[in-house]
Amino acid sequence: MRRILAAAAAVALSTGLAACSGDDAAAPGTTTPGTSGPQGAIAWDTCTDIKRPDGAAPASPDPNLQCGKLAVPLDYAEPDGEKIDIALLRIRATGPGERIGSLLFNFGGPGASGVDTLAQAAKAFGSLGARYDLVGFDPRGVERSSGVRCGGNEMMDRYTATDSAPGDETERAEIEQIYKEFASACQETSGKVLPYVGTVSAARDMDRIREALGEAKLNYFGISYGTQLGAVYATKFPGKVGRFVLDAPLDPSVSMHERTLVQTAGFQQAYESFLEDCVKDAGQCEIGPDKETANANIGKLLDELDTTPLAVGDRRLTQGLAVTGIAAALYSELSWPFLDQALGMAMKGDGQGMLALADSYNGRNPDGSYTTIMSSFPAISCVDTAERPDKAQLAKTEAEALKISPLFGSGGMGTICSTWPVAGSDEAMKVDATGSAPIVVIATTGDPATPYEWGPKLTEQLKTATLVTYKGEGHGAYLTGDACVKRTTDAYLLDGKAPAENTTCPGA
């Protein structure tokens, strides 16, 4: 799928996470926000640019949050050369109980801001925050850490509004042209950092963060793409692995073709589960009285939007934005009632709900500006693979994906990577953590974005991991609040008790 792979932005938002908790204020003598300390040091101070889920700034800075920056090499092949700053956020351990150390988070994407997301989501990690300093960071190429930008807001509006799959050759040519313009805009705006935003360099940044935090081992919680980042870190630095949890795992070894087909099937499965859930109570589903009718009504709506986008103020709900909105709501069961309502509104001529879902997924703020999620995502993804599929390969992928799901099928990430202006490497696709401490992998049976089958595959590749299966719906297990998942995860992170082989959490 073209954009449906950018999983992270929906994780915290769809689970209703709010403000965070913490303790200590910044220590005396720190520098002003936005500056770096000496090499290898983090200068902590009050956070002044945290964003809420709607993109707005809080009314006043939260004294429990500390922000800082760490200087790292732009190019690790030249460690003494040009530096970039990695932005971090810390919430000090609140107690009770003895402090364990720091717990570093990556919430996925690739391209999600770990600074903003941790600030929004910290309450969900309250039991861990009692004994850990919770630390989030914007990986290189993301937001405050030399975030990749691809032109301006107008370019981003055009890119995100394109249809999910071309209906004819004219439409195909239009989509291909927009993708070329988008890639060219990325090079023009962020060309200096594009070759250096890959996962291997981000993993090296994580080890610099570990050192700067004064930790002998890195304790880490990675979600979605964060599982690949964690797996690459464990491969590069197995002796530095502390307590590692990888939730909603990716299989880093799959080709773009395979990834597209597996994720297409995952979203189709989640979509069918949504339809079944919607119609289970008679008269309660706005999109139709039964699964077949509801599906047909959605298909009719999308066909109409393909030819006549729906006006929403001075904007338009296109077919592509509607599909993005549907995908966004499939990340969590908690979003399904809103998806039913938003689709029902659109069928009656009101596209506000669907546009809001798409905007939350695409990182579009109410003022029309964008976060870097939709620019960082292709930048990191395309640098993490040497694949550059030609038109024949893309057509094959698209045809096979459309057979799996006419709704979600497309040419996948290969569509944008085929036009990407810098070369990629397969180094981040090969993981083996032999020699590391035990790693816990948590996979969800109904996960649309990182389908369950990737959990056993990543576990096997790591060599030192144990798989936990959560029988539930949605993207990511811990943030569902499932008691079994939370109990199992917390026992490992807080007490060092690794789960037994074949541990299964039955879900609700």
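Residues numbered from 1 in each chain as written. Predicted model: local features only at pLDDT ≥ 70, side-chain atom pairs only at ≥ 80, totals over all residues. Heavy atoms only, no water.

Residues lying three or four places apart along an α-helix face the same way, a consequence of the helix completing one turn every 3.6 residues. Where helix 16 (residues 454-462) is concerned, the buried positions are Trp454, Gly455, Leu458, Thr459, Gln461 and Leu462. Around the axis of helix 16, the buried residues are gathered within 165° of arc, so they sit on the same side. Looking at the buried positions of helix 16, the neighbouring elements they touch are helix 7 (225-236), strand 7 (241-247), helix 8 (256-278), strand 10 (439-446) and strand 11 (465-473). (Buried < 20%, exposed > 50% of the residue type's maximum accessible area, 1.4 Å probe, protein only. Helix = DSSP H or I, 4+ residues; strand = E, 2+ residues; numbered from the N terminus. Arc of directions from axis to C-beta. Contact = heavy atoms within 4.5 Å.)

Judged by nonpolar contacts, the single largest core of 74 residues is most densely connected at Phe182, Phe244, Ile416, Trp420, Ile439 and Leu462. Aside from chain neighbours lying at most four places away, what touches Trp420 is Phe182, Ala183, Cys186, Leu194, Pro378, Ala379, Cys382, Val383 and Arg388. Among the nonpolar cores identified, the runner-up in size contains 40 residues, and Ala161, Phe267, Ile287 and Leu317 belong to it. (Core = buried A, V, L, I, M, F, W, Y, C linked by side-chain atoms within 4.5 Å.)

Omega for the peptide link from Gly95 to Pro96 comes to 5°, which places this bond in the cis form. Within the fold, Pro96 resides in the loop between strand 3 (83-91) and strand 4 (101-106). The omega torsion across Gly109 and Pro110 is 0°, close enough to zero to call that bond cis. If you check the backbone angles, Lys463 has positive phi at about 75° while not being a glycine. Following the sequence through the fold, Lys463 ends up in the loop between helix 16 and strand 11. Of note in the backbone geometry, Asn502 takes a positive phi value of approximately 65° without being a glycine. In this structure, Asn502 sits in the loop between helix 17 (483-495) and strand 12 (503-505).

In a pair of packed helices, the angle between the axes and the distance between the axes together describe the arrangement. Two numbers describe how helix 8 lies on helix 14 (residues 391-404): the axes approach to 9 Å, and their chain directions differ by 20°. Here helix 8 lies roughly parallel to helix 14, going by the angle between them. Note on packing geometry: the crossing formed by helix 8 with helix 14 is right-handed. Only Lys396, Thr397, Glu400, Ala401 and Ile404 of helix 14 make contact with helix 8, whose side of the interface consists of His257, Thr260, Leu261, Thr264, Ala265 and Gln268. Within the contact of helix 8 with helix 14, the residues separate by chemical class into four nonpolar, five polar and two charged. (Axes fitted to C-alpha atoms, helices over the stretch in contact; angles between N-to-C directions. Parallel < 35°, antiparallel > 145°, perpendicular 65-115°, else oblique. Left-handed = near helix turned anticlockwise from the far one by under 90°. Nonpolar A, V, L, I, M, F, W, Y, C, P; charged D, E, K, R; others polar.)

Tallied over the full model, the rule gives five disulfides. In this model Cys278 forms its disulfide with Cys285; the gap between the sulfur atoms is 2.1 Å. The sign of the S-S torsion, about 100°, decides the handedness of the disulfide formed by Cys278 and Cys285: right-handed. For Cys278, a relative accessible area of 10% translates into the label buried. The exposure class of Cys285 is buried, given its relative accessible area of 11%. (Disulfide = S-S within 2.5 Å.)

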